[in-house]
Amino acid sequence: MVKYVLKRIVMGMLAIFILASVAFFMIHAVPGGPFDADSTEMSEEAYRNLEAKYGIDQPLYKQYWMYMTNLLHGDFGESLQYTGTSVADLIGRGIGATARLALCALIFSVVVGLTLGISASLRPDSGLDRFCTALSTIGVSLPNYVVAIILMFVFALKLKWVPVTGLDSYKCYFLPVIALSLNPIAHLTKLTKTSMIDALNQDYIVLAKAKGMKKFRVVCLHALKNALLPVVTYVGPLISSLMIGSFVVENMFTIPGIGKMLATSITMRDYTTLTGMVIFYGVTVIVIGIIVDLVYVLIDPRVKYD
Amino acid sequence: MHILEVEHLRSFFTTDNGVVKPVRDVSFKLESGEILGIVGESGSGKSVTMFSVMGLLAKNGYVGQGRVVFEGKELLHIQPGEDWVDLRALKEQKEEYEKKLEDIRGKDIGMIFQDPMTYLNPILTIGFQMSEGLKRYFHLSNEECRKRNIEMLEMVGITNAEKRLSQYPFELSGGMRQRVMIAMALNARPKLLIADEPTTALDVTIQAQILELMQELKEKIGMSIILITHDLGVVASMCTHVIIMYGGQIMEEGSDMDIFYHSRHPYTEGLLNSVTTYDEKTKAKRRLEPIEGSPPDLRKPPIGCAFVDRCKYAMKLCKEHEPPVMQLSDTHSCKCWLCNPEVTALKEGK
């Protein structure tokens, strides 16, 4: 087991290296530079000086070599857009808002998705079941920016229950969290329902009933634990995608998270911030991947890694 | 005293292809301490009968009529409905019945199932699954449960019992799993054990061991057993009371002597003829005689006798009228026109 985790970590590091390289070359391949927007007001000489300061005038392989050596020392470099701020600081500043939002959305979607899925599986073809099917279809097909606009229009602008943008009070969380959760809820409801129906039809459920177990225990222990595996498979990537932040939702609600930061770093050709962020995402995805694999073992003893 | 009485039980399943009626008016009584064998081929309704009694029918299965009395206490009483069936009312009755049974299942009635591979929960340890019932009914502590479980596992002949408790079903062989299931069912010392083909999935050696074990435990704990099987050999060695089922109905019922030496029903005769026997005197091998044909479609059960299409003695009467149950002696009854004295007299007169 320990060997497996170590292997995964080594493989992960290799993946990060490749990811960092690809990201580095791709963003440099895009036409334009980080200081182009300012260049009209800048003299040719000042522009050259600025490029020299950040090493952008060097040949690409030299820049790559420099970047990689710094990276090995844990240094993501300095942002080209917010001069004087290191990329690590920049991510640190944005991650708080994104993480809080992600956590709320995660808890909300898992609780609602599982509850709806389990209830629907117990009473197929009931009103609730039909509601869940409708919700799944709508949730999967509506993109979150449409949901965000509708929510903003109804609850913030018309009803004025909650603020339109920002993240200053607890009230601000409602709309972005719902906008982020609708799609995961739709998936989770459907997934939980199908795997619960499957689990409830298994022979071991009959045995649990024959043993005299109460219905609640049969459903929530004997069936749910078996039904959880596909759900965990979905929740793993969901956590990473929420952590990475949705730049659409963050942009629309003007939330200073890292999703918004990523979007601006691309348009501004902020080489260091962008590569730094791509690496951060990569690490998040890989770490959560390893955790999900370990959770499998906790749920299903038949899963074995060598 | 009768520990279990079942009267006029009818069950049905609603399916996309229509209503299937696997249990059609089944009545029997189980004496306390006896081993009752219910025999019949696949699809004869023997398992569904017991599942109905235990309230374990699948979502689309309902008891449409019948009375179930356990230890003198009436658990279920559904009056025969009209031509139409009120599904919603039946659903409510089903839920109510299952609720009532929650306190009886596992404690007073234990059940063993056919397939040890699928009936144990794959992701819970043996110890956990064995303790659940003990905790619920006897409020034992973890330590007490562990002791009792080890004792029980050793009783069913599992070595290394302590280690087994922390293992999962997939780490055990089929025979061991079946033993675990038996240990689990007997853990609460039930008064009645329902064994649904407990040895069908096992090889012959294990089969003999398990049957011996069940008989031994019956003496030790003093319980009654209902053994559902299609193996007449098993019935002959274990049961004192035998029910032969076909097409969702009881065809013949009697003591082991009645059934094996004085059987009257053509279906029982067919079953007995299809078993390998060895004649001591002639030392000749006998050809097995299969019963031609296949069981009736229970979506549209025959109007007359259920066995009419495969019976070699079938008469016109059998096709048109359902035979009544004829009481042949105190213990022996048979549902066949041939047992009716008037019919036999008429036949001989011709």
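Please read these numbers as outputs of a predicted model, since none were measured by experiment. (Residues numbered from 1 in each chain as written. Chains lettered and ligands numbered in written order. Predicted model: local features only at pLDDT ≥ 70, side-chain atom pairs only at ≥ 80, totals over all residues. Heavy atoms only, no water.)

A. Seen up close, the overall build of chain B. Along chain B, the regular secondary structure elements total 12 helices and 12 strands. For 350 residues, the compact-globule formula gives about 20 Å, and the C-alpha radius of gyration of chain B, at 22 Å, lands near that figure. When its C-alpha atoms are laid out on the principal axes, chain B stretches across 75 × 60 × 40 Å. For chain B, buried positions account for 52% of its 350 residues. Partitioning the intrachain contacts of chain B with sequence separation of at least 6 by distance along the chain shows that 64% fall at a separation of at least 24. Per element, the accessible surface of chain B, about 16900 Å² overall, is 51% carbon and sulfur. Positive and negative side-chain charges in chain B, numbering 43 and 50 respectively, have mean positions lying 3 Å apart. (Helix = DSSP H or I, 4+ residues; strand = E, 2+ residues; numbered from the N terminus. Rg over C-alpha atoms; globule rule 2.2 N^0.38 Å. Buried < 20%, exposed > 50% of the residue type's maximum accessible area, 1.4 Å probe, protein only. Contact = heavy atoms within 4.5 Å. Areas by Shrake-Rupley, 256 points an atom, 1.4 Å probe, with all protein chains shown as cover. Lys, Arg positive; Asp, Glu negative; His and termini not counted. Charge placed at Lys NZ, Arg CZ, Asp CG, Glu CD.)

B. Representation of the confidence of the model for chain A within the structure. Chain-level statistics for chain A give a pLDDT mean of 86 and a share of 97% at 70 or above. In the model of chain A, helix H2 (residues 44–53) of chain A stands out as the element of lowest mean pLDDT, 75, in contrast to helix H7 (residues 174–200) of chain A, which has the highest, 93. (pLDDT = per-residue confidence, 0-100.)

C. The arrangement of the pairing of strand S1 (residues 2–15) of chain B in detail. Residues and elements named next belong to chain B. Alignment of S1 against strand S2 (residues 18–31), held across 10 bridges, turns out to be antiparallel. Bridge pairing in S2 places Thr 15 opposite Gly 18. Turn length for the S1-S2 hairpin, with the two strands adjacent in sequence and antiparallel, is two residues. Where S1 lies against strand S4 (residues 61–70), eight bridges are found, and the strand directions are antiparallel. For Val 6, the partnering residue across the bridge sits in S4 and is Val 68. (Pairing = 2+ DSSP bridges.)

D. A look at the sheet that holds strand S10 (residues 249–255) of chain B. Residues and elements named next belong to chain B. Read from one edge of the open sheet, eight strands run S6-S7-S8-S3-S9-S10-S12-S11, paired in mixed fashion. The strands lining the two open edges of the sheet, one partner per strand, are strand S6 (109–112) and strand S11 (326–327). Across the sheet, helix H7 (residues 204–222) is in contact with strand S3 (35–39), S6, strand S7 (192–196) and strand S8 (224–229); its angle to S8 comes to roughly 160°. (Axes fitted to C-alpha atoms, helices over the stretch in contact; angles between N-to-C directions.)

E. Structural detail: the layout of surface pockets. Empty space within the largest pocket amounts to approximately 1200 Å³. Split by residue class, the lining of the largest pocket holds 17 nonpolar, six polar and 14 charged. (1 Å grid on protein atoms, 1.4 Å probe; cavity = no way out; pocket = protein on both sides within 12 Å on 5 of 7 lines; lining within 4 Å. Points joined across faces, edges and corners; volume = space filled by probe spheres on them. Nonpolar A, V, L, I, M, F, W, Y, C, P; charged D, E, K, R; others polar.)

F. Just helix H1 (residues 46–54) of chain B, in detail. Residues and elements named next belong to chain B. In terms of burial, H1 is largely enclosed, as nine of its nine residues are buried. For H1, the full list of buried residues reads Lys 46, Ser 47, Val 48, Thr 49, Met 50, Phe 51, Ser 52, Val 53 and Met 54. Residue Gly 55 follows H1 closely and has a positive phi angle near 65°.

G. Inspection of a nonpolar patch on the surface at higher detail. A cluster of nonpolar side chains, namely A:Met1, A:Val2, A:Leu6, A:Ile9 and A:Met13, defines an oily patch on the protein surface of about 520 Å² accessible area. Within the fold, A:Ile9 resides in helix H1 (residues 2–29). (Patch = residues over 30% accessible without salt bridge, like charges linked within 9 Å, V, L, I, M, F, W, Y side chains within 5 Å. Salt bridge = Lys/Arg side-chain N within 4 Å of Asp/Glu carboxyl O.)

H. Structural view of the side chain of B:Asp196. All names here are of chain B. Its place among the elements puts Asp 196 in strand S7. Within the buried core, Asp 196 has no salt-bridge partner, and the shortest N-O distance to an opposite charge, that of Lys 46, equals 6.5 Å. What Asp 196 contacts, discounting residues up to four positions off in sequence, is Ser 47, Phe 51, Ile 112, Phe 113, Gln 114 and Ile 228.

I. Spatial organisation of the packing of helix H6 (residues 174–186) of chain B against H7(B). All names here are of chain B. Two elements in contact, H6 and H7, have axes separated by 11 Å at closest approach and are oriented at 15°. With respect to each other, H6 and H7 are oriented roughly parallel. Regarding H6 and H7, the two cross each other, and that crossing is right-handed. Of the residues in H7, those in contact with Gly 175, Gln 178, Arg 179, Ile 182 and Leu 186 of H6 are Ile 206, Gln 209, Ile 210, Leu 213, Leu 217 and Ile 221. Tallied by class, residues from the contact of H6 with H7 come to seven nonpolar, three polar and one charged. (Parallel < 35°, antiparallel > 145°, perpendicular 65-115°, else oblique. Left-handed = near helix turned anticlockwise from the far one by under 90°.)

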